[in-house]
Amino acid sequence: MPKLFYRKKLDELEEKARPIHINSYWQLVWVKFRSHKLAMFGAVVLIIVVAFTIFGPLFVEVGYEDMDFSSLFKPPLSQGHPLGTDELGHDVLVRVMYGGRISLFVGFASSVITTLVGTLIGLLSGFYGGLIDRFLMRFVDVMLSIPMFPILLTLTLVFGSGIMNIILVLTVFGWMGVARLVRGLVLSIRETEYVMSARAMGVRSARIILRHVLPNVIPIVIVSATLNMSYAILSESSLSYLGLGIQPPMPSWGNMLQKAMNYILGTATGANPWWLTFFPGFFIFLTVLSVNFLGDGLRDALDPKFVSES
């Protein structure tokens, strides 16, 4: 019996010590990513939040505009209202779901557009250099020198506060960081032997960029996209909190906070509806934290020089 026990333990140790066979770069990325516990936590939480906001409204019978005047300022766990109600009897759970759809859509859409614009400008500037590089980088310097949030407020006042306008405003002032990162990487890639060999053989610049340069900048582009998404969610929430973002009755996490601040110091009945600020604020915090964890994990997994301590 003791021999069987020790033999079993020895087999387990040998199994753990057996090397993992990596057949591709992306398989190596997955192995490194799943060893990053915070990144896996962030990915799981983000999936749950997205599923909650997309599919949650399918399982409730009320809409985000439906009012119940017999249930004003009901606290969480009230009958029929798990997260309570607001000053008009709106169900907070339903409004958090629909508000999450708006906030996540704005964050995802502006992140994708920002990343695409920044990647394109960074590729052109870094690969061609010369006058094109100087012009584009001076333009980036000018954009970075502009105080961003006051301009965001001004543009929102000028163009309005619809969803598309918010995405446009966030895109205009969000692409510069991606462009600089991509340009710096392209400057080193264009001097590599395989790029210079392609040039010597007469391969067109567009083909070199698409076949040899772009695949090498995709990792940093992916990481930048995740970080831009968290920034966009916070920016949309800030604009909505100031009354310049998504306008009621359409809910977003930001304008839910803005409305709740009118009542958080106490209502006419003396109640303090803390749940009106807690739940949208909690979902903003949870989503942004998860995206940042995911971005950190992707950065470590996509970096060939990174070695996990675990």
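Residues numbered from 1 in each chain as written. Predicted model: local features only at pLDDT ≥ 70, side-chain atom pairs only at ≥ 80, totals over all residues. Heavy atoms only, no water.

What should I look at first to understand the nonpolar core in this one?
Proteins that are soluble and globular tend to have nonpolar side chains buried together. Ranked by size, the top nonpolar core spans 33 residues in total, and within it Phe33, Val92, Val96 and Trp253 carry the most contacts. Mapped onto this core, the elements with two or more residues apiece are α2 (25-34), α3 (37-55), α4 (92-128), α10 (205-241), α11 (253-260) and α12 (275-302). A total of twelve residues in this core trace back to one element, the largest contributor, which is α12. If we skip the residues at most four places from it in the chain, Val92 touches Leu83, Gly84, Thr85, Asp86, Met256, Trp275, Leu276 and Phe279. Core analysis: the next-biggest nonpolar cluster, separate from the first, contains 21 residues, Ile102, Leu152, Ile166 and Phe173 among them. (Core = buried A, V, L, I, M, F, W, Y, C linked by side-chain atoms within 4.5 Å. Buried < 20%, exposed > 50% of the residue type's maximum accessible area, 1.4 Å probe, protein only. Helix = DSSP H or I, 4+ residues; strand = E, 2+ residues; numbered from the N terminus. Contact = heavy atoms within 4.5 Å.)

Just checking my understanding: could you explain the side chain of His36 for this structure?
Here His36 shows up in the loop between α2 and α3. Taking relative accessible area as the criterion, His36 reaches 18% and is therefore assigned buried. If sequence neighbours within four positions are ignored, His36 has contacts with Asp296, Gly297 and Asp300.

Would you explain the confidence of the model for the chain in this entry?
Any region with low pLDDT has predicted coordinates that should not be read closely. Predicted confidence across the chain gives a mean pLDDT of 82, with 87% of residues reaching 70 or more. α3 holds the highest mean pLDDT among the elements of the chain, 93, whereas helix α1 (residues 2-17) holds the lowest, 48. Note that residues 16-22 has pLDDT below 50 and, in this model, four contacts with residues that lie over four places away or in other chains. (pLDDT = per-residue confidence, 0-100.)

Looking at this model, I keep getting lost on the pattern of salt bridges. Mind explaining?
Two side chains that carry opposite charge are able to pair once their charged atoms sit near each other. Using the criterion set out here, one finds seven salt bridges in the structure. A salt bridge links Glu87 to Lys259; the nearest nitrogen and oxygen atoms lie 3.0 Å apart. Here Glu87 is found in the loop between α3 and α4, whereas its partner Lys259 is found in helix α11, with 172 residues between them in sequence. Here Glu87 matches Lys259 in class, with each residue buried. One salt bridge in this structure joins Asp141 and Arg138, with 3.0 Å as the shortest N-O distance. (Salt bridge = Lys/Arg side-chain N within 4 Å of Asp/Glu carboxyl O.)

Looking at this structure, I do not really get the environment of Leu181. What am I missing?
Secondary-structure assignment places Leu181 in helix α8 (residues 176-189). With 39 residues separating them along the chain, Leu181 and Ile220 place their C-alpha atoms 7.7 Å apart. Dropping the residues within four chain positions of it, Leu181 is found in contact with Ile220 and Ser224.

Looking at this structure, I do not really get the packing of helix α6 (residues 148-159) against helix α7 (residues 163-172). What am I missing?
When two helices pack together, their arrangement is given by the angle between their axes and by how far apart the axes lie. At a minimum axis distance of 10 Å, the contact between α6 and α7 shows a crossing angle of 145°. Pair α6 / α7 crosses with right-handed handedness. For the pair formed by α6 and α7, the contact residues are Leu152, Leu155, Thr156 and Phe159 on the first element and Asn165, Ile166, Val169 and Leu170 on the second. When grouped by side-chain class, the residues that make up the contact of α6 with α7 number six nonpolar, two polar and no charged. (Axes fitted to C-alpha atoms, helices over the stretch in contact; angles between N-to-C directions. Left-handed = near helix turned anticlockwise from the far one by under 90°. Nonpolar A, V, L, I, M, F, W, Y, C, P; charged D, E, K, R; others polar.)

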